[in-house]
Every structure is written in C-alpha cells, then in structure tokens.
Amino acid sequence: MKRLLALGWLLSGVLLVGSVSFALADGETMSDREREKLEAQKAAEEFYPGMEKAFLLAKWDEFDEKVKESSKHYRFMTKEQQANVRYMREASQDCRPKWWKDCRSSTNRSFKAEIWNRTFMANYMPSDMLGMMAPVGYDQERKCLHIIVTWKPNLVENADAVKGWLATKHGISQGNLAEAIIWHELGHNYVTLGLPIKAIIQLWWDHSVFYSHLQEFYADLTAIYHASTRGRLTAMMFRLDGFDWYRETECHDRAAHAIGAIITSEWLANPDKWPSIHFPPEVPKEKIELKTIIYLYENIDPNWTLAEDQALRDIVKTFVAKSGEKVLTSRGKIPLSNKQTFMLLVNDDREEVAKREKWIKERLEAIIQSGRADKAPDPKEKKKEGHEKLTRGDRIQLPW
C-alpha cells in the first residue's frame, strides 16, 4: 500500500513538472517573467513624474504626448498613480475642450460650451479688451438670449511671462491668464442659463446690485474650476489688488471675497491637508478675514501639489453641486464648510462676518501654537530682501 502511495505521488510530481514545462515553453522561467514585470514597473515609475510635471506646469504639448505614451505604462503604475492619471486627463479636457482652438481665432467664432452641466452657444468676437461677456439680443423662437464673449486672442496659449512679483514667483504665463479670463467670461452664463428670460430681466431691473454680484461670483468659480493648475491660481490671485483698496460694494471684489472665504475656510480647518499653504505668524489686528485671505493667497508655495490641485477643484465642484443654485434663491446666502455663513451682499453680512472672524481667530491661534504657521520675519531681513517693493498693483500686472 505504501509503495502504491509513493508511486502515485511520484507520478503526480512528474505530471506537475510536465505541465509547468509546457506552460513555460521556449526556455522561459518564472524569474524572466518577474524580471520583465519589475522592469515595466520601474519604467512606469520613471515615466510618471514627467507626466505630472507637464500637467502642473500646463505644458500642454508635452502633456498630450505623455497621455499617448501613458497607455503602455498605465497597468504597471501604482493605484494612486493610475487615479492621478485619470484625474489629469479629465481635468485637461475640462480646461481645453475641442473648441479651445477657436479661442485664439482672429475672426468671429461660435461654439457650444458647457459649464456646470449646462450647454449654450458662445459667440466669440476677438477684441483688444481683456475680457467681457454681454447679451446682445433675444431669440424669439428659442426663447433665449444671444450672448457674446470677447478677449484678446494673442494671450491664448502665449508662453510669454506675465509681469509682477507674484506672477514671477509662480511662473504665470499670458496663456495661464487667458485661461482664467476665458472661463471667467463663459462662467457669466450660469445665471442666464438657469432662469427664464422674464426672471432674468426682473432680476436685472429690480435687483441689479445682487445680479452683478452673482455674475462675478459664478464667473470666478467657473474659472477656478476649469482653468489649468496655474490658471486657477491666477484666477484667485489676480483679485488681490482689489482687496488692497477693498470696495465692499464692488461686485468683483465682493465676489472674490466670498470665494476666498469658501476656499480658506477649508485650508484653516484642515491645515495638514494643504502642505503648500502658509499661515500668518500672527492674527491680523483688523479685517481678520480679508487679511488672512490675502496672506494665504500671497504665500501659496509654487510647488503646489497635484493632490492640492485636485482638492481645490473638488471644493469648487462640491460647492456648486450642493449650493450653486441656492445662492441665487436665498439672496446670496453662501454656506461654508465650517458651519459659518457668508452673505454675498455686504449689508446682509454684518453679523455673519463677526462670527466668521471669531472662528478664524481661534483657528489661527491654534495653528500658530502648533508650530504650523510661518515664523515672523526679522525686520532687518525684511528690509534686506526688498519686501517693501511688494506693493499693490505689482503682484500680477494685467495687460490692459
């Protein structure tokens, strides 16, 4: 009996060896397979950083080549890298749809644009204006407004640098600025697309101040979401000069203030998730919210990460999905993630701003105590480094 069992094990071993030899034909061994896999993983590891860098710097020709090349590396990437590749491809398409080439045309163009799941016909007219959107007529048959948008076509995909110390710090190009402008102008259509013509006219005639605030609010949100990494930072930072002489009833300044509150409330609540964000060494003595926004925007690290870029887009996308239309129907009530409220019209915001600034003060004190905030600069070093030159109007010089 023992001999039969031994013979059975021997035969099964022979058959097993035979089957392995058959599967690994032509002299191939398991070590060869593993070696090839490791080499492919190494190649994918070496390939990935270049693709991410091209995306973050908005080097689109290089990025497009990387997208084509990524197909052979994708299955050998880590799951995190694969997720990042999917995000970069999606975000790049959101930034540069098929009609994007029309944006640099020197002649009139019409194209179907989409913002926040709403499609409309954009009628582009090139001009020497930095940017503008305007209704120019009404289509009786379709019951909709005729909209024109305009900007300087020479800025589009222009690699020349924008002047200004903050623009230089972040390597902002005229092409990055053009992205922010184009998506801003297209974003103006959020209100006109969501309401019937009679409601739009009534909103304009009876609530013109509120209407203008809404227009700039949705326009800037659209620019921050749709532009490239550098374009979205540009859309945020070129509002800083308006904060210096802050006109609380001016629609651009007020809308930018509201968006700053939405974004920075996330940064203050979760500082460890935002390694590129610098926090002030002390709590501002006055205008706590506004001066905190200015400091955070001015001191964003140029080495802004892909994770932060995606998180910023998610903040905007989530806000519009949950509260975009509610801002319109609630007379400008903007819910923040920290359970605070920002009222778009300043005369409705007096009580709310006091609550927000109390929360900001407490958060900054906690961040400073934890050691996460910046250290106060030495006055001698400050003068030596020429920081006195960092004045308003010189951060990002717009090519008017």
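Let me begin by describing the structure that accompanies this report. (Residues numbered from 1 in each chain as written. Predicted model: local features only at pLDDT ≥ 70, side-chain atom pairs only at ≥ 80, totals over all residues. Heavy atoms only, no water.)

1. What about the packing of helix α9 (residues 208-226) against helix α10 (residues 229-237)?
Quick note on the threshold: Helix axes are fitted to C-alpha atoms over the stretch in contact, other axes to C-alpha atoms as well, and angles between N-to-C directions run from 0 to 180 degrees. Secondary structure elements follow DSSP: runs of H or I of four or more residues count as helices, runs of E of two or more count as strands, with numbering from the N terminus. Here roughly perpendicular refers to angles of 65 to 115 degrees, roughly parallel to angles under 35, roughly antiparallel to angles over 145, and oblique to all remaining angles. Should any heavy atoms of two residues lie within 4.5 Å, those residues are counted as being in contact. Think of it as three bins: nonpolar holds Ala, Val, Leu, Ile, Met, Phe, Trp, Tyr, Cys and Pro, charged holds Asp, Glu, Lys and Arg, and polar takes everything else, Gly as well.
Two elements in contact, α9 and α10, have axes separated by 7 Å at closest approach and are oriented at 150°. Classified by the angle their axes make, α9 and α10 are roughly antiparallel. Residues Ala 223, Ile 224, Tyr 225 and His 226 of α9 pack against Arg 232, Ala 235 and Met 236 of α10. Within the contact of α9 with α10, the residues separate by chemical class into five nonpolar, one polar and one charged.

2. With respect to unusual backbone geometry
Note the threshold: Partly exposed residues are those whose accessible area sits between 20% and 50% of the maximum for their type, while under 20% is buried and over 50% is exposed, using a 1.4 Å probe and protein chains only.
Non-glycine residue Lys 287 carries a positive phi angle of around 45°. Inspection of the secondary structure puts Lys 287 in the loop between α12 (251-269) and α13 (288-298). Within the chain, Lys 339 stands out as a residue other than glycine whose phi angle is a positive 75°. With respect to the helices and strands, Lys 339 occurs in the loop between β5 (333-335) and β6 (341-343). Residue classification places Lys 339 among the exposed positions, given a relative accessible area of 79%.

3. A look at α9
Stated formally: A helix is expected to span 1.5 Å multiplied by its residue count minus one.
Here α9 contains 19 residues, and its C-alpha end-to-end distance of 27 Å stays within 8% of the 27 Å for a straight helix at 1.5 Å per residue. Burial of α9 is extensive: 16 of the 19 residues sit out of reach of the surface.

4. A few points about the packing of helix α6 (residues 174-187) against α10
We count it as follows: The handedness criterion is simple: a crossing whose near helix is rotated anticlockwise from the far helix by less than a right angle is left-handed, and one whose near helix is rotated clockwise is right-handed.
Orientation of α6 relative to α10, taken along the N-to-C sense of each, is 65°, at an axis distance of 8 Å. By the angle between their axes, α6 is roughly perpendicular relative to α10. Read as a crossing pair, α6 and α10 show a hand that is right-handed. Residues Asn 176, Leu 177, Glu 179 and Ala 180 of α6 lie in contact with α10, whose contacting residues are Arg 230, Gly 231, Thr 234 and Ala 235. Its residues placed into classes, the contact of α6 with α10 shows three nonpolar, three polar and two charged.

5. Considering the side chain of Thr 192
To keep it simple, the criterion reads: Whenever a nitrogen or oxygen atom comes within 3.5 Å of another N or O atom, the pair is scored as a polar contact, on the condition that within protein one atom can donate a hydrogen and the other can accept it, and that pairs from neighbouring residues in sequence are kept only if both atoms are in side chains.
Among the secondary structure elements, Thr 192 is positioned in helix α7 (residues 189-194). Thr 192 gets classed as buried once you look at its relative accessible area, which sits at 13%. One polar contact links the side chain of Thr 192 to the main-chain carbonyl oxygen of Asn 189, over a distance of 3.1 Å. Setting aside residues up to four positions removed in sequence, Thr 192 forms contacts with Met 133, Leu 145, Ile 200, Tyr 211 and Gln 215.

6. Observations concerning the pattern of salt bridges
Defined as follows: The working definition used for a salt bridge is a side-chain nitrogen of Lys or Arg within 4 Å of a carboxyl oxygen of Asp or Glu.
Enumeration over the complete set of coordinates arrives at 22 salt bridges. When the shortest N-O distance is used, the salt bridge between Lys 358 and Glu 362 registers 2.8 Å. Taken together, the residues span about one helical turn, with Lys 358 and Glu 362 both in helix α15 (residues 350-370) at a distance of four residues. On the accessibility criterion, Glu 362 (42% relative accessible area) is partly exposed.

7. Points about the nonpolar core
Definition in use: Nonpolar cores are built from buried Ala, Val, Leu, Ile, Met, Phe, Trp, Tyr and Cys residues. Side-chain atoms within 4.5 Å join them into one set.
Trp 151, Phe 217, Met 236, Trp 267 and Ile 334 are the most contacted members of the largest nonpolar core, which totals 88 residues. The residues touching Trp 267, leaving out its near neighbours within four places in the chain, are Met 236, Trp 274, Ile 277, Phe 279, Leu 296, Tyr 297, Ile 300 and Trp 304. Core analysis: the next-biggest nonpolar cluster, separate from the first, contains 18 residues, Phe 55, Leu 56, Phe 63 and Cys 95 among them.

8. Remarks on the packing of aromatic side chains
Note the cut-off: Any two rings among Phe, Tyr and Trp, with Trp reduced to its six-membered ring, count as a pair given centres within 6.5 Å; such a pair is stacked if its planes are under 30 degrees apart, edge-to-face if over 60, and tilted if neither. We call a charge positioned over a ring when the NZ of a Lys or the CZ of an Arg lies within 6 Å of the ring centre and within 35 degrees of the ring normal.
Counted according to the given criterion, the structure contains 18 aromatic pairs. Centroid distance Trp 99 to Trp 100: 6.1 Å. Interplanar angle 40°. Geometry classified as tilted. This pair shows no difference in class: Trp 99 is buried, exactly as Trp 100 is. Sitting above the plane of the Tyr 190 ring, Arg 118 keeps its charged end 4.3 Å from the centroid. Against the face of Tyr 225 rests Arg 313, its NZ or CZ located 4.0 Å from the ring centre.

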